[in-house]
Every structure is written in structure tokens, then in C-alpha cells.
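Chains, contacts and geometry: an overview
Chain residues, written in single-letter form:
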Amino acid sequence: MNILNQHQNAFPHLLTIIDSMRVYQESRLWKQLSDQLLVYIKDPQVNQGTHLKDLFEGFVKKFYQEIDEMKLVRILIKTAEQYGDFQSRIDFLKQFKLDEQPQLVIDILIAFFKLQQGQLQEVDELLKQYKQKSEKLQEVDPLVYSMLYYLAYNFYKIKNIYEEFYVNALQYLAYTNDQDMLQEQKVQLSYEMALAVLISPNIYNFSELLQQPVLVSLKESAQYNWVYQLLDIFNRGSVRELNSFQWNEERKGCFPNFQVLNEKIRIMAFLELAFSLPKNNRVCTFEELAQVSELPLNDIERLVMRTISKGLVKGRINQVKQTITISYVVPRVLTMDKIDIINKKFGNWEKSLNIFLKEVEDVRKTFN
């Protein structure tokens, strides 16, 4: 029984695609065949066991030189995962000699498997080389950047460098089609990115992550939904909700330093308060900040100075009046609730403008 017949029996829900692939191969319609293959390899069931490996060895290997090389490497990326240990995967990929961009993708994937073998120093050098190569390319296929940032974020994840991991993971998502990611990968990556944002003492743009489409998988995950809830709490700067959050030992174990969390939530509470103030009168009292941050008054000045030192706000403190005048708040990705706040600000501005124009008109009439 040939491999396509085996797949027909194993995956009856893919019968139409399998029949199409058979017809396209017999007709030597390589573009249509490769397009069908790209659809086929996205099926979660096909990605289990050695189905893709068997398909390549028994079917694709006969004609892979006929199809577009960028399409071929997309197939190889999925297929290589099923070639046993990491060295077997590397050996499988080394047999292909392709044009510049598809070959760079293959080289990056080989470097990824070397990373899994623990060859961090070599991968560090390769990562620098491949970044330089990509910068010299013209009309770069998004897959090149996708794989480059995939290698980079995995490298920094292993090194526990949270900011670099997060930045490169964001870039990976920017160059990667959501449909090219399996559900398990979406959940795992969004979970790891969420933890990085929460753990890092230097990342405060929670809304940027919350607006990523991949975060839907985290929100819907029975196992990791609690992390999504934490992100939402921090994004809104709700100290009260964090204090009442349902912790357990497993969840606590994800955070090496709770002091960072406690400081971040209070800084976010300050940023939320600052954002809600009218732009022409961004002044808040120590008492107002103490209420939202749930800190005693004698700790407020330290909180403000800490936030200023991180470049998140600019302003000055009046110790006599116990007020903070804010001249700058770090830009953030706007969520719907923030847009509502801006709409209200525009409404207030419009009312103020109408009052001013009426006063001008009244003055004008007195001169007539």
C-alpha cells in the first residue's frame, strides 16, 4: 500500500486533499501540489507520530526538486520535527542545498536543533551571523524573519533573559501567520510571554501583549487561563484584584520574586491614574495615589520616584502640597477601555471649547 493510501485510511477527513495531491502529482502540476501540501501539513493529526516523515520519504521525496524552494522549506520545517533525535533532524536537513533565502531558513532551523542540544555558544555566534545575512538580503520572505526570531526567542528563553525573549517573541509573531502555528504552540508561547512580562522588572506595556491574537489561546486555556487573568489585572493596575487573586503553590512557583510583582502592580496603578487625568491638568494628590496603590502616604514619594526613574512618567513632586504634576506618561497600546477614556476627554475638551467660543461671541456682541 503506497503512502497516500495509508494516509487516506488514517485521515478520512483529509480525503479530498489527498485525492487532489495524487491528481496533481500525476499531472505534474507542482504549484498546485505544493499548495495542497502546505494545507495538509497544518492538520494537527498529521503532525503527530511520524506521519509527515513517512509522507516525505514515500511521496514528497520523489518530486521535491520540482517545487518552489520557499514552499519546500515550510514542508521541511514541519517534517524535520519527526526525524527522531536532534542530530537525526540536523542530518536530514543537511542533505538539502538550496538558494540563498531558503538555505538560510534551513541553516536557522539546524541552529535551533543545535540549541536544543545545548550548544549555546555556537548558536550565539550563528544567531549574529544570520542576522547580518538577513540585513543584506533584498525582498526578504517573511519566513526568514519568522525563523530568525524563532531561534532568537528560544535562545533567550534558555538564557532566562526575559526582556530579549519577549521582544524577539513579539517580532516572531509579527512575521508569522497565525494559521501556521499549532494550537499547542500558541498556548505555550503566549504563556511564556505572559510570564516574561510579569517577571521582568522592565516591561510595563501589558496591553501590547494582550492585543496579540495568539493571546486568545491563553484566555481559553483551562490550564493557563489564570495567567491571562493576571495580565488583565496588571494592565488595569488593580492592586485590590491582585491582593484577592487565588494563588496556589504551583502558581507561586512561577514567580521567583514577588517583590517585583508588588512593585509593578503599584506602578501600573500610578500609570492608570495618570492616564485618566485631563492632559491640561495632570495633577494628582498623594492621597489619590495612596488609594489606588494601597500604600501608606509616606511610601508615595518613593513610588513616584521609582516610576520616574524607569522613564514611565515625567513630572515633579510638591512635598508641601503633597501633589504630583505629570508632564509625560509613556505611550501604551490602546485597549477599548483606554479609547473610552480618550473619548470622554475629547467630550470634555469639546464642552470647554464651546464655552470658550460662547464667551468670545458674547464679548464680540458687546462691541456691536
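Residues numbered from 1 in each chain as written. Predicted model: local features only at pLDDT ≥ 70, side-chain atom pairs only at ≥ 80, totals over all residues. Heavy atoms only, no water.

For the rest of this paragraph, the subject is the overall build of the chain. Each helix and strand counted, the chain has 20 helices and 3 strands in total. For the chain, contacts bridging at least 24 residues in sequence account for 63% of all contacts bridging at least 6. Roughly 19800 Å² of accessible area belongs to the chain as shown, and the carbon and sulfur atoms make up 49% of that amount. (Helix = DSSP H or I, 4+ residues; strand = E, 2+ residues; numbered from the N terminus. Contact = heavy atoms within 4.5 Å. Areas by Shrake-Rupley, 256 points an atom, 1.4 Å probe, with all protein chains shown as cover.)

The side chains of a regular strand alternate between both faces of the sheet. Direction of pairing for strand β2 (residues 313-318) relative to strand β3 (residues 323-329): antiparallel, over a ladder of 6 bridges. Bridging across to β3, Arg316 finds its partner in Thr325. Once β2 ends, the chain turns through 4 residues before running back antiparallel as β3, passing Gln322 with a positive phi of about 55°. (Pairing = 2+ DSSP bridges.)

The residue Ala269 is located in helix α17 (residues 258-276) in this model. By relative accessible area, Ala269 is classed as buried at 3%. In this structure, the C-alpha to C-alpha distance between Ala269 and Ser293, residues 24 residues apart in sequence, is 5.8 Å. (Buried < 20%, exposed > 50% of the residue type's maximum accessible area, 1.4 Å probe, protein only.)

Turning our eyes to something else, we now look at the pattern of salt bridges. Throughout the structure, instances matching the rule amount to 15 salt bridges. With its nearest N and O atoms 3.6 Å apart, the salt bridge here joins Arg74 to Asp180. One end of the pair, Arg74, is in helix α5 (residues 69-80); the other, Asp180, is in the loop between α10 (162-175) and α11 (183-199), with 106 residues separating them in the sequence. Look at Arg74 and you get partly exposed, because its relative accessible area is 28%. Counted as one network, the salt bridges with shared partners bring together Lys42, Arg74, Asp141 and Asp180. (Salt bridge = Lys/Arg side-chain N within 4 Å of Asp/Glu carboxyl O.)

Before going further, it helps to examine the layout of surface pockets. By volume, the largest pocket is sized at about 800 Å³. As for the largest pocket, its lining consists of 30 residues, and the residues nearest its centre are Ile77, Lys78, Tyr172, Asp180 and Gln185. Elements with a contribution of two residues or more to the lining of the largest pocket: α5, α6 (86-94), α7 (100-116), α9 (142-158), α10 and α11. In terms of residues, the lining of the largest pocket owes the most to one element, α9, which gives 5 residues. Across the lining of the largest pocket, the residue classes tally to 15 nonpolar, 8 polar and 7 charged. (1 Å grid on protein atoms, 1.4 Å probe; cavity = no way out; pocket = protein on both sides within 12 Å on 5 of 7 lines; lining within 4 Å. Points joined across faces, edges and corners; volume = space filled by probe spheres on them. Nonpolar A, V, L, I, M, F, W, Y, C, P; charged D, E, K, R; others polar.)

This brings us to the packing of aromatic side chains. If you walk through the whole model with that rule in mind, you get 25 aromatic pairs. Seen from their ring centres, Trp226 and Phe255 are 6.3 Å apart, and the 80° between their planes marks the pair as edge-to-face. Here the residue Trp226 occupies a position in helix α14 (residues 225-236), and Phe255 occupies one in the loop between α16 (249-252) and α17, the gap between them amounting to 29 residues. Considered together, Trp226 and Phe255 belong to a single accessibility category, that of buried residues. Put simply, the rings of Phe86, Phe112, Phe113, Tyr150, Tyr153, Phe165 and Tyr172 pair up and form one aromatic cluster. A cation over an aromatic ring shows up here: Lys264 above the ring of Tyr204, its NZ or CZ 5.0 Å from the ring centre. Positioned above the aromatic ring of Tyr328, the side-chain terminus of Lys314 is 5.3 Å from the ring centre. (Phe/Tyr/Trp six-rings, centres within 6.5 Å; stacked < 30°, edge-to-face > 60°. Lys NZ or Arg CZ within 6 Å of the ring centre and 35° of its normal.)

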